[in-house]
Amino acid sequence: MIVYLNGQFLPKTEARISPDDRAFLFADGAYEVVRAYRGHLFRAKEHWDRFDYSLKALRIAPPANTDFSAIATELLKRNQLLEAEATAYLQVTRGAAPRKHAFPADTTPTVYAFAAPFANPVEKWTNGVKVITLPDQRWARCDIKSISLLPNVLANQQAQEAGAHEAILVRDGFALEGSLSNFAAVLDGVLHTAPRTNYILPGISRLVALGLCSALRIPVREFPVAEAELKCATEAMLFGTTNEVMPVVQINDRKLGDGRPGPVTRQLQQAFRDYVEECRSRG
Ligand SMILES: Cc1ncc(COP(=O)(O)O)c(C=O)c1O
């Protein structure tokens with residue numbers, strides 16, 4: 001596997017990162033994951049804009065002229081993934097320095113990236129998934145795509161152990177988003193999803209899905225569903241780079257509707273798939 005590290009493409013086995021890197025010591029960095037559909041980087045501009053937003057919030061300046069699209073595409077090429085389904089992962093950290101909390105002077109940020117093959121979750125797209133609700137134990141800057149993901153890791157692990165696909169995080173009584181996806185539920189025919197605040201990651205797939213809702217005239221309310229109201233949801237779904245539009249057919253012990261993905265979810269899922277294909281063929 002060929003990876004990218006600080007300006008070089010090299011075999012992963014030769015990539016060396018200092019144990020003083022602040023990613024290792026403090027999880028001090030930000031990342032992005034972009035979906036590559038047979039070489040097409042889906043909504044790349046939105047991903048790089050969000051990367052820029054996260055890095056600015058953390059006050060990390062990536063090396064000048066770092067071209068993330070060019071890095072991702074070169075990684076796909078060097079790993080024979082240009083014709084495949086894949087993801088590209090890119091991470092920028094504050095760099096290596098003796099361990100002190102405050103920012104070190106004059107460190108060079110570390111830039112690391114890799115591409116990996118991706119298998120579409122076709123069975124889950126077809127049949128839907130179970131989710132569980134858990135308390136949101138994250139910080140108050142969930143809008144930053146930080147590599148500091150311990151609460152997300154713990155929640156996701158708990159979901160896996162409960163036989164669920166995702167954990168929906170509940171803060172102050174409201175179901176906000178998943179550990180690695182945004183969340184929406186249909187109540188009275190209206191798709192509800194948490195608004196863009198510091199308590200959710202502004203997902204690119206969420207943005208695409210909301211655009212599709214508008215085109216399909218699916219009514220939307222950007223307001224989170226109270227955990228207590230989830231029992232009134234007729235449908236629910238996840239949005240994310242690897243999930244696209246993932247139907248949710250069970251929340252905790254309660255099946256939604258007849259336990260099959262509902263009509264709004266199906267319509268949105270198909271529209272998302274069609275939009276991906278349109279973007280890919282446009283290049
Ligand atoms: C916490 C969280 N919310 C939402 C998302 C979905 O964002 P996107 O659609 O940009 O992948 C992610 C993706 O990793 C995430 O980690």
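What counts, and at which threshold
Residues numbered from 1 in each chain as written. Predicted model: local features only at pLDDT ≥ 70, side-chain atom pairs only at ≥ 80, totals over all residues. Heavy atoms only, no water. Helix = DSSP H or I, 4+ residues; strand = E, 2+ residues; numbered from the N terminus. Polar contact = N/O pair within 3.5 Å; in protein donor to acceptor, adjacent residues only side chain to side chain. Contact = heavy atoms within 4.5 Å. Expected span 1.5 Å × (residues − 1). Buried < 20%, exposed > 50% of the residue type's maximum accessible area, 1.4 Å probe, protein only. Arc of directions from axis to C-beta. Near = heavy atom within 4 Å. Areas by Shrake-Rupley, 256 points an atom, 1.4 Å probe, with all protein chains shown as cover. 1 Å grid on protein atoms, 1.4 Å probe; cavity = no way out; pocket = protein on both sides within 12 Å on 5 of 7 lines; lining within 4 Å. Sits in = over half its atoms within 2 Å of the grid points. Nonpolar A, V, L, I, M, F, W, Y, C, P; charged D, E, K, R; others polar. Domains from an automatic or database assignment. Buried area = accessible area lost by both parts, 1.4 Å probe. Salt bridge = Lys/Arg side-chain N within 4 Å of Asp/Glu carboxyl O.

Asks: Can you lay out the side chain of S181 for me, pointing to particular residues and giving the numbers?
Replies: Looking at the element boundaries, S181 is found in the loop between β9 (174-178) and β10 (182-187). A polar contact is formed between the side chain of S181 and the side chain of E166, at a distance of 2.7 Å. Setting aside its immediate chain neighbours within four residues, S181 contacts E166, L238, F239 and N243.

Asks: Residue-level account of helix α7 (residues 263-282), with values.
Replies: Every α-helix winds through 3.6 residues per turn, so residues three or four apart in the chain are directed the same way. Given a rise of 1.5 Å per residue, 20 residues ought to cover 28 Å, and the 28 Å separating the end C-alpha atoms of α7 matches this to within 8%. Of all the residues in α7, the buried ones are V264, T265, L268, Q269, A271, F272, Y275, V276 and C279. Angular distribution of buried residues about the axis of α7 spans 165 degrees; they occupy a single face of the element. Among the exposed residues of α7, those pointing more than 90 degrees away from its buried face are P263 and S281. Among the residues trailing α7, G283 stands out with phi positive, at a value near 85 degrees.

Asks: Describe the site of the ligand, listing the residues and the values that go with them.
Replies: Taken together, 17 residues sit near the ligand, with R50, K145, E177, S205 and T241 positioned nearest. For the ligand, the accessible surface in isolation is 390 Å², of which the surrounding protein chains cover 93%. The site holding the ligand turns out to be the largest pocket. If you list the elements that add at least two residues to the shell around the ligand, you get β9, α6 (204-216) and β14 (235-240). Across the shell around the ligand, the residue classes break down as 4 nonpolar, 9 polar and 4 charged.

Asks: Mind laying out the domain arrangement of the protein chain, listing which residues take part and the relevant values?
Replies: If you check the domain split of the protein chain, you get domain 1 (2-117) and domain 2 (122-282). If you average the C-alpha positions of domain 1 and of domain 2, the two centres end up 26 Å apart. With 25 residues of domain 1 in contact, the opposing surface of domain 2 contributes 24 residues. Summing both partners gives a buried area of about 2100 Å² for domain 1 against domain 2, and 65% of it is carried by carbon and sulfur. Our enumeration of links across domain 1 and domain 2 arrives at 1 salt bridge. A salt bridge links R38 to E277; the nearest nitrogen and oxygen atoms lie 3.9 Å apart. Our count for the contact surface shared by domain 1 and domain 2 stands at 7 residue pairs in polar contact (both at pLDDT 80 or more). Elements with a minimum of two residues in the side of domain 1 that touches domain 2: β3 (29-37), α2 (44-58) and β5 (85-93). Element by element, the count of residues in the side of domain 1 that touches domain 2 is highest for β3, at 8 residues.

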